[in-house]
Amino acid sequence: MLVILPPSETKSDGGRGGPLDLDTLSFSELNPIRKRIAEAIVDLAGDLDASRAALGLGATQLSEIDRNADLWLSPTRPAIERYTGVLYDALDHRGLTRAGKIKATERLAIGSALFGVVRAGDPIPAYRLSGGSRLPDMPTLASVWKPDLSDALDAVDDFVVDLRSGVYHQLGPVRGAVSATVMTEAADGSRKVVSHFNKHYKGLMARELVRTRRTVRDVNGLAAVLADAGQRVEIAAADQIVVLTD
């Protein structure tokens, strides 16, 4: 099983690994695109105004441009430790057992506007680039990544659970992957899609999929793991589950 997580805007600083080496990353067939985008954001970092416009940054976020400027020089750390925020707090990688962390390395991947997708243990630096960013002299990032990212993920010989948000899903949809929608259900039975806590619940889902001893091969197995963990789950289709909250 491979669970693809969305990235986060926030990222931890520092790291103990050497500078970025694309050859150390999984899905090496994506390296030509990774290099193209990486060089573009490093060049862009030389123009503060253009960087702020392209990356959607405010006046207090100039340190994000410094991160991009140092992309090839700054230290790296495993991707699962680099990304931070609500989803990653709920996943709580640090709180997993040693066996759990090994399973996380095997089962988790993370979508990325810069790298396309990386495995949890791949060493990456801090950077700033969103799926909806528009880099100068480039088409949309979705156009840059298609179809190579989809092809790379389609070649994965595993059941895929795709928890990426819309913009990152569009960078490289995966044929046959199961996606998840988190919804609230009111007392009258009406439902609406969760927005604020969506990442939290997906982090909890990912944690259970890392910890489970079940072999998950389809949407039924996925629903069983989540139900065993106390989540309310409905199978909407062969490629879609719904997680219900109050």
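**Some points on the pairing of strand S7 (residues 178-185)**
Here is step 1 of the chain: In terms of strand pairing, strand S6 (residues 160-162) meets S7 through 2 bridges, oriented parallel. Each bridged residue has a counterpart across the sheet, and for Val 161 the counterpart in S7 is Val 178.
Here is step 2 of the chain: Linking two consecutive strands that pair antiparallel, namely S7 and strand S8 (residues 191-193), is a turn of 5 residues; a positive phi of about 90° is found at Gly 189 within it.

**A few points about helix H10 (residues 198-211)**
Here is step 1 of the chain: Between its first and last C-alpha atoms H10 spans 20 Å; for 14 residues at 1.5 Å apiece the expected length is 20 Å, and the two agree.
Here is step 2 of the chain: Residues of H10 that are buried include every one of Asn 198, Lys 202, Gly 203, Met 205, Ala 206, Arg 207, Leu 209 and Val 210, and no others.

**Details of the packing of aromatic side chains**
In this description, a pair of aromatic rings is defined by centroid distance and the angle of the planes.
Here is step 1 of the chain: Scanning the entire structure with this criterion turns up 3 aromatic pairs.
Here is step 2 of the chain: With 6.0 Å between their ring centres and 25° between their planes, Tyr 83 and Tyr 88 make a pair best called stacked.
Here is step 3 of the chain: Judged by relative accessible area, Tyr 83 falls into the buried class, the value being 2%.
Here is step 4 of the chain: Pairing Phe 115 with Tyr 127 gives two aromatic rings, centres 5.6 Å apart and planes at 85°, and the pair type is edge-to-face. Here Tyr 127 lies in the loop between strand S5 (123-124) and helix H7 (141-145) and Phe 115 lies in the loop between strand S3 (108-112) and strand S4 (116-119), a separation of 12 residues in the sequence.
Here is step 5 of the chain: Since its relative accessible area comes to 1%, Phe 115 is described here as buried.
Here is step 6 of the chain: In this structure Tyr 127 comes out as buried when scored by relative accessible area, which is 1%.
Here is step 7 of the chain: Over the aromatic face of Tyr 127 sits the side chain of Lys 11, whose NZ or CZ is 4.4 Å from the ring centroid.

Scoring rules and cut-offs
- Residues numbered from 1 in each chain as written.
- Predicted model: local features only at pLDDT ≥ 70, side-chain atom pairs only at ≥ 80, totals over all residues.
- Heavy atoms only, no water.
- Pairing = 2+ DSSP bridges.
- Helix = DSSP H or I, 4+ residues; strand = E, 2+ residues; numbered from the N terminus.
- Expected span 1.5 Å × (residues − 1).
- Buried < 20%, exposed > 50% of the residue type's maximum accessible area, 1.4 Å probe, protein only.
- Phe/Tyr/Trp six-rings, centres within 6.5 Å; stacked < 30°, edge-to-face > 60°.
- Lys NZ or Arg CZ within 6 Å of the ring centre and 35° of its normal.

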